[in-house]
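Structure assessment
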Amino acid sequence: MSGHYESSYREPLILGDKSYHDITEDIARPIEGKANKHWYVAFYISLAAMLWGFGCIFYTVGTGIGVWGLSKNIGWAWDITNFVWWVGIGHAGTLISAVLLLFRQKWRMAINRSAEAMTIFAVFQAGLFPIIHMGRPWNGYWVLPIPNQFGSLWVNFNSPLLWDVFAISTYLSVSLVFWWTGLLPDFATIRDRAVKPFQKKIYALLSFGWSGRAKDWQRFEEVSLVLAGLATPLVLSVHTIVSFDFATSVNPGWHSTIFPPYFVAGAIFSGFAMVQTLLGIMRKVTNMEAYITRLHIEYMNIVIILTGGIVAVAYATEFFIAWYTGSPYENYTYLSFGAEAGAYGWAFWSLMIFNIFIPQALWFKKVRRSFVWSFLISIAINIGMWFERFDIIAIVLSKGQLPSTWWRFEPTFVDVGIFIGTIGFFFVLFLLYARTFPVIPTAEIKTILKSSGENYKKQRDENNEH
């Protein structure tokens, strides 16, 4: 068989009899046309959750942090759990896009844009929690190394919390540039198709004067590769630094050298699961069923099985160490016999069921290729990863060295409301993005049409070319 055609046994990445023009029309339709009913249902539910969350934030700032379920001992609890959960979700987006670009994987093209957008929006949500937790959010700029109204009172450079500020802001800026660079050719396409003068002006501004010359494309590819190369090690460093918030302390169960690689693996695991959740929603709200196929879902699920395995090994290591040390303090860490049968046993078993047992179903091909099962399992993993962060914080801090410091954390309605509000805010941003930005890279998806388009296979079969 000539090299021009792929093997007829390989499953196509684009379904249907699509031409180049069809692809442009399909990708531009959600922006130029009206939204379908799925979009409106998802948007109004997300908006309601977001408004409830904002109400809880205003109540917190107006009344004080006392409305949260915190105590002298468990001063971190809910908000830092949510912070680490959101940062973890934000990790996988840029990593998926950057690593698959460096390895020249063609199936990346249908999912990379959504994954990158997920990163930006998740980091926004993560940043909210430390700012609200300050109690005086208007003094938030004090975390920046600039002289403030007290003279040159500098931040504490020895604190891992400050390393977080630098790591996450660097990661956000690189991710933003990487995402925006990829969008330039598509903004230019929408600009050239726009009928309304206002829309034309907006997309002309967003496309930074993209003209589609060979020089533009050459620079575009060079910059994409450089940014992908920068973003990949950044992903590893950022969640390593988030783990230092715990690992550099002297609390039993936190003071652990396994935390950095374990946090990175967990972040990729939860991030891939969130991309899977978003792809399930995106296929419906933007009518992209021909471009986000069972093959894409299956490839994502294979990575989830791999990263889930790494996380399971990390859990087993933690559990073994807690037993092996024989220390009564170590035995009440978040993954130990004390946690398993203690007051937070329900949280321990939720973590195990959602993160270890449920994802094992993905070993079966029918489940791995099912849109519904993949969607449900991805939600289960996100719940499980939230419980992991909650267990790390609440269980470890609930039993101090002295009985007088023992405390049971229980969230208030304000805690829960703020968390649900950030989930709503995240989906509001994502749904608005799906209506205003091209969700699939038009030019890149056209490059794989020859190797995956049904019409080319049909032509080959009709002409009997071998």
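About the cut-offs
- Residues numbered from 1 in each chain as written.
- Predicted model: local features only at pLDDT ≥ 70, side-chain atom pairs only at ≥ 80, totals over all residues.
- Heavy atoms only, no water.
- UniProt positions renumbered as here; feature names shortened; annotations may be inferred.
- pLDDT = per-residue confidence, 0-100.
- Contact = heavy atoms within 4.5 Å.
- Salt bridge = Lys/Arg side-chain N within 4 Å of Asp/Glu carboxyl O.
- Helix = DSSP H or I, 4+ residues; strand = E, 2+ residues; numbered from the N terminus.
- Buried < 20%, exposed > 50% of the residue type's maximum accessible area, 1.4 Å probe, protein only.
- Patch = residues over 30% accessible without salt bridge, like charges linked within 9 Å, V, L, I, M, F, W, Y side chains within 5 Å.
- Areas by Shrake-Rupley, 256 points an atom, 1.4 Å probe, with all protein chains shown as cover.
- Phe/Tyr/Trp six-rings, centres within 6.5 Å; stacked < 30°, edge-to-face > 60°.
- Lys NZ or Arg CZ within 6 Å of the ring centre and 35° of its normal.

The protein appears in an unreviewed UniProt entry as Dimethyl sulfoxide reductase membrane subunit from Tenacibaculum platacis. In its Sequence similarities (unreviewed entry) section, UniProt records this for the protein: "Belongs to the NrfD family." You can read under Subcellular location (unreviewed entry) in the UniProt record for the protein the words "Cell membrane".

**Re the confidence of the model for the protein**
Here the protein shows a mean pLDDT of 80. Residues at 70 or above account for 90%. Counting contacts from residues 1-8, a segment whose pLDDT is below 50, to residues more than four positions away or on other chains yields 13 contacts.

**Some remarks on the pattern of salt bridges**
All told, the structure shown has 4 salt bridges when counted by the stated rule. Glu-298 is paired through a salt bridge with Arg-368; the nearest N and O atoms lie 3.2 Å apart. Taken together, the residues span a long stretch of sequence, with Glu-298 in helix α9 (residues 294-325) and Arg-368 in helix α12 (residues 365-368) at a distance of 70 residues. Classification of Arg-368 as buried rests on a relative accessible area of 13%. Between Arg-369 and Glu-298 there is a salt bridge, with the nearest N and O atoms lying 2.8 Å from each other. Of this pair, Arg-369 sits in the loop between α12 and α13 (371-398) while Glu-298 sits in helix α9; the two residues are 71 residues apart in sequence, bridging distant segments of the chain. Pair check on accessibility: Arg-369 and Glu-298 agree, each one buried.

**Comments concerning the environment of Val-223**
Assignment of secondary structure puts Val-223 in helix α7 (residues 214-247). In this structure Val-223 comes out as partly exposed when scored by relative accessible area, which is 37%. For Val-223 and Thr-181, which are 42 residues apart along the polypeptide, the C-alpha to C-alpha distance reads 8.0 Å.

**A few points about a nonpolar patch on the surface**
Together, Phe-320, Ile-321, Trp-323, Tyr-324 and Phe-337 line one region of the surface with nonpolar side chains, adding up to about 570 Å² of accessible area. The element best represented in the nonpolar patch is α9, accounting for 4 residues. Looking at the element boundaries, Phe-337 is found in helix α10 (residues 337-341).

**Details of the packing of aromatic side chains**
Aromatic rings in a pair are described by how distant their centres are and how their planes are angled relative to each other. For the coordinates displayed, the defined rule picks out 42 aromatic pairs. Ring geometry for Tyr-262 and Tyr-315: centres 5.9 Å apart, planes at 85 degrees, overall edge-to-face. Placement of Tyr-262 in helix α8 (residues 259-285) and of Tyr-315 in helix α9 is noted, with a sequence separation of 53 residues between them. Taken individually, Tyr-262 and Tyr-315 each receive the classification buried, so the pair is uniform in this respect. Here the basic side chain of Arg-283 rests over the ring of Phe-371, its NZ or CZ set 3.8 Å away from the ring centre. When the ring centre of Trp-39 is taken as origin, the NZ or CZ atom of Arg-435, which lies over that ring, is 5.7 Å away.

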